[in-house]
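Examining the three-dimensional arrangement
This is what each chain is made of:
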Amino acid sequence: MFAGKAWCYVCPWDAVATWMERLRLWRKTDQGLGLGLPWPRRLRNIWLATALFVGLTWIELGFGVTLSPRATAYMGLGMLVMTIVAVFLFERKSFCRYGCLVGRVSGLYALFSGVEVRPRSREVCRSCAGKECVRGTDTAYPCPTFENPARLRVNTYCIQCTECIQACPHDNMTVNLRPWAADLAAEGRPAVDEAYLALLMLAITGFHGLTMTPAWPALLEWLQGLGLGEAAAFTVGMAGIMGLPILVYAALVAWSHRLATRGVPDPVPYGAYFVRYAYCVLPIALFYHLSHNLEHLLMEGPKVVRLLSDPLGRGWDLLGTAAWTPPPLVSLDVLWLMQVILVGVGHVYSLWAAKHISRRLFPDPARARRGQIPILIGMIAFSVFSLWLLKQPMEMRTSAM
Ligand code: SF4
Ligand code: SF4
């Protein structure tokens with residue numbers, strides 16, 4: 001939210017894999033050990049990352065891997081192995097661009113970021129013959145995620161590695177500070193795979209919250225009563241809860257499309273409409289995500305002091321705090337107020353994004369306004385649902401609080 005894809009600066013998976021492939025820690029080399037194959041054409045989208053994201057949620061919540069440090073470690077190692085294989089097989093950072101679930105989720109959230117890498121002047125780029133930012137130089141790599149830095153308009157795939165800043169002989173690339181969420185109002189290239197990931201991010205954040213309420217075990221019990229086994233009941237419940245918001249969104253968009261395009265001889269096709277509006281659910285997903293995790297942070301966060309005394313779970317008491325039972329950082333009333341504010345802020349950003357998207361779709365303001373009504377209803381419904389969810393008694397997975 002503040003620094004865009006800052007995770008990618010410190011990503012341990014890519015760092016280890018890249019050091020192994022280049023056999024050096026810094027400075028450019030053209031002597032890497034990798035095969036440099038092109039990433040398969042059919043996988044040049046983010047469906048693989050989306051599938052990994054859904055799969056991770058399934059494993060995490062269905063099999064409780066986050067309750068077991070060993071299982072969490074194996075998951076991390078699995079991710080490392082995937083990254084190493086991809087770095088040795090494929091050119092540049094293909095896996096970061098197409099396959100990494102963390103990169104793709106943080107890529108969509110980076111549309112909010114208060115920082116961006118952009119050209120200072122698009123005119124200078126247009127008249128630039130060398131295009132060093134795209135081709136690379138003796139000392140700088142070409143853009144590792146296959147972006148054309150000169151045409152960069154949104155943050156989604158830029159990992160802010162600054163290679164283009166080093167490569168540009170005209171000193172035309174720079175890092176800007178900017179208002180939050182600027183990319184939601186920018187003219188990016190809406191894509192169907194990104195739209196589905198945005199919708200799934202909304203669905204998964206809601207699902208995550210729901211699994212911590214008493215409603216979830218009740219639903220699982222009901223499904224098992226129908227004759228499903230434990231894993232099957234979880235899978236069916238998860239698929240149903242994640243599919244529902246997408247179906248509701250599709251219905252609302254169909255209604256909106258009907259209202260806005262009635263009588264227009266050559267209307268925007270429904271598919272394009274579906275894809276463009278999906279970006280305005282991102283603020284709701286992000287701010288719900290933040291308010292949900294705020295509860296973990298403020299209620300469970302102080303336990304880090306206790307854990308510092310025994311970081312490896314060996315029964316140590318290094319700092320004398322191993323037996324400390326810390327109180328939560330804020331009262332439940334204050335927490336609730338903070339969560340309401342966060343959900344409200346997300347809602348306002350969503351409305352703002354919807355307004356920009358409608359204006360781009362319909363130069364006629366009356367149509368733009370009409371088309372927004374169903375989307376608005378959907379946003380209010382989800383925000384109310386978020387608040388209901390946050391008000392439920394949460395069962396913390398990592399503690400008995
Ligand atoms: S960023 Fe620099 S190298 Fe790239 S196109 Fe623009 S002027 Fe040329
Ligand atoms: S080279 Fe430039 S555009 Fe490409 S990822 Fe790095 S900072 Fe972003």
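Residues numbered from 1 in each chain as written. Chains lettered and ligands numbered in written order. Predicted model: local features only at pLDDT ≥ 70, side-chain atom pairs only at ≥ 80, totals over all residues.

Some points on the overall build of the protein
To keep it simple, the criterion reads: Elements are defined by DSSP. Helices are runs of H or I of four residues or more, strands are runs of E of two residues or more, and each kind is numbered from the N terminus. Field definition: a residue is buried when 20 or more other C-beta atoms are found within 10 Å of its C-beta, exposed when 12 or fewer are, and partly exposed for counts in between, with C-beta atoms placed from the backbone. Note that contacts rest on C-beta atoms placed from the backbone: two residues are in contact if these are within 7 Å.
Assigned secondary structure in the protein consists of 17 helices and two strands. The dimensions of the protein, computed from C-alpha atoms along their principal axes, are 65 × 65 × 45 Å. Here the protein holds 401 residues, and the buried ones make up 33% of them. Across the protein, the fraction of contacts at a sequence separation of at least 24, relative to all contacts at a separation of at least 6, is 77%.

Some remarks on the confidence of the model for the protein
Short version of the rule: Confidence per residue, as judged by the predictor, is encoded in pLDDT with a range of 0 to 100.
The pLDDT averaged across the protein works out to 90; a share of 98% of its residues lies at or above 70. Low pLDDT, under 50, characterises residues 397-401; the predicted model gives this stretch nine contacts beyond four residues in sequence or across chains.

What to know about the site of ligand 2
Rule in force here: By definition, a residue lies near a molecule or strand when the C-beta atom built from its backbone is within 6 Å of it. In the scheme used here, Gly and all other residues not listed as nonpolar or charged are polar, with Ala, Val, Leu, Ile, Met, Phe, Trp, Tyr, Cys and Pro taken as nonpolar and Asp, Glu, Lys and Arg as charged.
Lining the immediate environment of ligand 2, one finds 14 residues, of which Cys143, Pro149, Cys158, Cys161 and Cys164 sit closest. A class-by-class count of the residues in the shell around ligand 2 yields nine nonpolar, three polar and two charged.

A word on the packing of helix H3 (residues 47-63) against helix H6 (residues 101-109)
Using the following cut-off: Here an axis means a line fitted to C-alpha atoms, over the contact stretch when the element is a helix, while the angle between two N-to-C directions is reported on a 0 to 180 degree scale. Reported orientations rely on four angle classes, namely roughly parallel under 35 degrees, roughly antiparallel over 145, roughly perpendicular from 65 to 115, and oblique for the rest.
The N-to-C vectors of H3 and H6 enclose an angle of 100 degrees; their axes lie 8 Å apart at closest approach. What the angle tells us is that H3 and H6 run roughly perpendicular. Facing Ala49, Leu52, Phe53 and Leu56 of H3, the residues of H6 in contact are Leu101, Arg104 and Val105. Within the contact of H3 with H6, the residues separate by chemical class into six nonpolar, no polar and one charged.

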